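# Results of the structural survey
Listed below are the residues making up each chain.
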Amino acid sequence: MRDPVPFLDTNAMPWAKPGPPGIYSKLLSRDPETGERTALNRLQPEEGMNPPGAAHYHHTTEELLIVKGRMSFDSQVWLTPQSYCFHPPETVHGFKSAVPEESWFLSRVGQELDFNFVEEPVQLSPYYVCSEPPARGVVYHAEPAVGVWEEIENAQRFVLSLDPDTGEGSVLLRTKPGWTSGADGEALTRFEEVFVLEGALSCTDENAYTDGCYNFNPPGAQRRSLTCTDAALLYFTVGPEDT
Ligand SMILES: [Fe+2]
C-alpha cells in the first residue's frame, strides 16, 4: 500500500534525472511492493529525449494527464494541457509518438512499467492483445474543456475514465466557492489523490493548495478536507471500492 502524502508542493521539489537524456521526474507517491506510482514527468526533446520509436504495450495501466507542452502517440491526436489518456494493460499504442517541445505530464502506472514492442502492429490505432477486452477501456480525451461537464454541488465534473466494476477512476473538477472534498476527519474507504492544476484551495491541514500541489491518502487515512474559496481546477482520482 502507498503511504499517505499529506501535502506536497511539487514546485518546490527538485527534478530527478532517472537516466536517458531529456527525461526528468518528480516522484509524488509510490507503493514499494508493487511499483504503483504517480509521478510528474518533464520531457526535453532538445536535450536528445526521444519517445519510444515503435508501438508497444505494458502489462499494467498507464494514465497520463498533460500539464504543459504537447505530445502525441500517433502524430494525429495531440495531447495538450488537460488532455488525458488511459491505456489499460495490454493495449498497443505509440504508433508514431512525438514530443516536439518541452512537455510535462502526470503519469500514473499500476506497477513497474515494462515495455513490449510490437514491430508490426495490426492497425494504427490502439488495440488490445489481452484475451478479453478490459472493463475499463482505452480512453483519449484530447480536449476535455469543450466536452460535456456534469453539474454537481459547487462544481462541474468531467469524468475522464472510470472502472465500472470497482469505481476506480479519475475526473477533472472545476470547483466553485463552497466546494469541499468531503467530511473532515472521515476515514477513507478507498484512496483519494488530488493534484491542483489551477486556482487555490484551503485545507484543514492548514496548507494552501495552489497549482502544482498534491496529496495522496490511502484507505483508512482520515480525510483532511479541502475547501474551494475562489475557483480551481483539480485532477482527482479515487481508488477501487474494495481496497
Ligand atoms: Fe506507453
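Residues numbered from 1 in each chain as written. Predicted model: local features only at pLDDT ≥ 70, side-chain atom pairs only at ≥ 80, totals over all residues. Heavy atoms only, no water.

## Things to note about the overall build of the protein chain
Convention followed: Strands are runs of DSSP state E lasting at least two residues, helices are runs of H or I lasting at least four, and both sets are numbered from the N terminus onward. Atoms considered for the radius of gyration are the C-alpha atoms alone. The globule rule reads 2.2 Å times the number of residues to the power 0.38. Exposure is judged per residue with a 1.4 Å probe applied to protein chains only, and the accessible area is read against the type maximum: over 50% gives exposed, under 20% gives buried, and values in between give partly exposed. Note on contacts: a residue pair qualifies if any of its non-hydrogen atoms lie within 4.5 Å across the two residues. For the area figures, the Shrake-Rupley method with a 1.4 Å probe applies, and any residue is considered shielded solely by the protein chains shown.
Per the secondary structure count, the protein chain includes zero helices and 20 strands. By the compact-globule yardstick of 18 Å for 243 residues, the protein chain fits well, its C-alpha radius of gyration being 18 Å. By its C-alpha atoms, the protein chain is 50 × 40 × 40 Å across when sized along the principal axes. The 243 residues of the protein chain split such that 48% are buried. The contacts of the protein chain with a sequence gap of at least 6 include a subset with a gap of at least 24, amounting to 70%. In the form shown here, the protein chain has an accessible surface area of approximately 11,400 Å², with 51% of it arising from carbon and sulfur atoms.

## Observations concerning the coordination of the iron ion
Counted only if it meets this: For Na, K and Ca the donor cutoff is 3.2 Å, while for all other metals N, O and S atoms must lie within 2.8 Å; water is not among the atoms, so some sites may look incomplete. In short, tetrahedral needs four donors with all angles between 85 and 135 degrees, square planar needs four and octahedral six donors with opposite donors over 155 degrees apart and all other angles between 65 and 115, and whatever is left is irregular.
The protein atoms donating to the iron ion are His56 (NE2), His58 (NE2), Glu62 (OE) and His93 (NE2), with metal-donor distances spanning 2.2 to 2.6 Å. Note that the iron ion binds four donor atoms; their angles at the metal cover 77 to 158°, and the shape is irregular. Sequence spacing of the donor residues for the iron ion, all on one chain, is H-x1-H-x3-E-x30-H. There is no split in this pair, since histidine 56 and glutamate 62 are both buried.

## Focus on the layout of surface pockets
Rules: In this analysis the probe radius is 1.4 Å and the grid spacing 1 Å, with only protein atoms considered; a cavity is a set of points the probe fits into but cannot get out of, a pocket is an open set with protein on both sides within 12 Å along at least five of seven lines, and lining residues have an atom within 4 Å of a point. Grid points are joined across faces, edges and corners, and a volume is the space filled by probe spheres set on the points. Under the scheme applied here, ten amino acids are nonpolar (Ala, Val, Leu, Ile, Met, Phe, Trp, Tyr, Cys and Pro), four are charged (Asp, Glu, Lys and Arg), and all others, including Gly, are polar. An automatic or database domain assignment supplies the residue ranges for each domain.
For the largest pocket, the calculated volume is near 830 Å³. Sorting the residues of the lining of the largest pocket by element identifies strand 2 (23-30), strand 3 (37-43), strand 5 (62-68), strand 6 (71-72) and strand 10 (103-109) as the ones contributing at least two each. Per-element accounting of the lining of the largest pocket gives the leading share, five residues, to strand 2. Each residue belonging to the lining of the largest pocket can be placed in one class, and the counts come to 20 nonpolar, 10 polar and five charged. Of the pockets and cavities examined, the second largest pocket occupies roughly 430 Å³. Surrounding the second largest pocket, 26 residues form its lining, Glu36, Arg108, Glu168, Phe191 and Pro240 being those nearest its centre. Listed by contribution, the elements that provide at least two residues to the lining of the second largest pocket are strand 3 and strand 10. Partitioning the lining of the second largest pocket into residue classes produces 12 nonpolar, four polar and 10 charged. Both domains that meet at the lining of the second largest pocket, namely domain 1 (9-141) and domain 2 (148-238), each give it at least three residues.

## Let's talk about the pairing of strand 15 (residues 155-162)
Which entries qualify depends on this criterion: Strand pairing requires that DSSP identify at least two bridges connecting the strands.
Pairing analysis gives three bridges linking strand 14 (residues 150-152) to strand 15, with the strands arranged antiparallel. The partner of glutamate 151 across the bridge, within strand 15, is glutamine 156. Bridging between strand 15 and strand 16 (residues 169-175) involves seven bridges; their strand directions are antiparallel. Paired with arginine 157 across the bridge in strand 16 is leucine 173. Taken together, strand 15 and the strand that follows it, strand 16, pair antiparallel across an intervening segment of six residues, in which glycine 167 is found at a positive phi of about 85°.

## Some points on the domain arrangement of the protein chain
For clarity, the threshold we go by: Reported buried area values correspond to the accessible surface (1.4 Å probe) lost by two parts on association, with both partners' losses combined. Salt bridges are defined as contacts in which a side-chain nitrogen from Lys or Arg sits within 4 Å of a carboxyl oxygen from Asp or Glu. What qualifies as a polar contact is a pair of N or O atoms within 3.5 Å, subject to a donor-acceptor requirement within protein and to the restriction that residues adjacent in sequence count only when both atoms come from side chains.
The assigned domain composition of the protein chain is domain 1 (9-141) and domain 2 (148-238). Just the C-alpha atoms count here: the centres of domain 1 and domain 2 sit 23 Å apart. Three residues stand out in domain 1 for area buried against domain 2, namely Gln82, Arg108 and Arg136, and they jointly supply 33% of the buried area on that side. Across the domain 1-domain 2 interface, the total number found is one salt bridge. Glutamate 193 is paired through a salt bridge with arginine 108; the nearest N and O atoms lie 2.8 Å apart. On inspection of domain 1 and its partner domain 2, the count reaches nine residue pairs in polar contact (both at pLDDT 80 or more). Of all elements in the fold, only strand 2, strand 5, strand 8 (84-87), strand 10 and strand 13 (139-141) reach the threshold of two or more residues within the side of domain 1 that touches domain 2. In terms of residue class, the side of domain 1 that touches domain 2 is built from seven nonpolar, six polar and five charged.

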